[in-house]
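# What the coordinates show
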Amino acid sequence: MMLLVSCGGEHAKPATAVPVGAGLPTEGVLEISSIAQFNAEIARDVPGVVVVADFHAEWCGPCRLLSPDLVALATAHPGKLVVLKVDIDQHPQLAARFQAESIPLLVTFRAGKESARQVGYPGSKERLAAWLALP
């Protein structure tokens, strides 16, 4: 049994704000700035490329644990993994659309359609890579 750590529901409490992904390389990682940008990115259907949306918030401790692992995987697998960083506080419409009630929430896409989702930090980069089907 795998324990996933997440923030959300009535127990969510703000933590010290540390920028998610601060100081990390950004190859394969896109900060979403608009709904149109998000829609365009998930609509891409490139064989062999995993597109994953990371719904997160600056105040979320598990999000801060997950972010470096996602960035490291995107950097280690150029052209194979695209991470779309969606701050739920900046994009509440997208959070509502994907029912992001607990975060971090990871949603993978194929041809613009949701193909899988996971709530919480999986505990390690290796588990995350396995879930994303990356070597």
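Residues numbered from 1 in each chain as written. Predicted model: local features only at pLDDT ≥ 70, side-chain atom pairs only at ≥ 80, totals over all residues. Heavy atoms only, no water.

### A few points about the overall build of the protein
Selection rule: Each helix is a run of H or I in the DSSP string that is no shorter than four residues. Each strand is a run of E no shorter than two, and both are numbered from the N terminus. Exposed residues in this analysis have more than 50% of their type's maximum accessible area, buried residues have under 20%, and partly exposed residues fall in between, with area computed by a 1.4 Å probe over protein chains only. Residue contacts are defined here by distance: any two heavy atoms, one from each residue, within 4.5 Å place the two residues in contact. Residue-level accessible areas treat just the shown protein chains as cover; the underlying method is Shrake-Rupley with a 1.4 Å probe.
Helix and strand counts for the protein come out as 4 helices and 7 strands. For the protein, the succession of helices and strands along the chain, N to C, is β-β-α-β-α-β-α-β-β-β-α. By the burial criterion, 41% of the 135 residues in the protein qualify as buried. In the protein, once contacts between residues fewer than 6 apart in sequence are set aside, the share between residues at least 24 apart is 78%. When the accessible surface of the protein is split by element, carbon and sulfur atoms take 57% of a total near 7100 Å².

### Here we look at the environment of Val-83
Mapping Val-83 onto the fold places it in strand β4 (residues 81-87). Excluding residues that lie within four positions of it along the chain, Val-83 makes contacts with Gly-28, Val-29, Leu-30, Val-52, Asp-54, Leu-70 and Ala-74.

### Remarks on the packing of aromatic side chains
Basically, it comes down to this: Working definition: rings of Phe, Tyr and Trp (its six-membered ring) pair if their centres are within 6.5 Å, and the pair is stacked with planes under 30 degrees apart, edge-to-face with planes over 60 apart, and tilted otherwise.
As enumerated under the stated definition, the model contains 5 aromatic pairs in all. Aromatic side chains Phe-98 and Phe-109 sit 5.7 Å apart centroid to centroid with 90° between the ring planes, which places their arrangement in the edge-to-face category. Highlighted residues: Phe-98 in the loop between α3 (92-97) and β5 (102-103) and Phe-109 in strand β6 (residues 105-110), separated in sequence by 11 residues. In this pair, the class of Phe-98 matches that of Phe-109, namely buried. An aromatic cluster is present here, built from Phe-38, Phe-55, Phe-98 and Phe-109 joined pairwise through their rings.

### Looking at the environment of Leu-81
Among the structural elements, Leu-81 can be located in strand β4. Look at Leu-81 and you get buried, because its relative accessible area is 1%. Residues in contact with Leu-81, not counting those within four places in the same chain, are Gly-28, Val-50, Val-52, Leu-70, Leu-73, Ala-74, Leu-132 and Leu-134.

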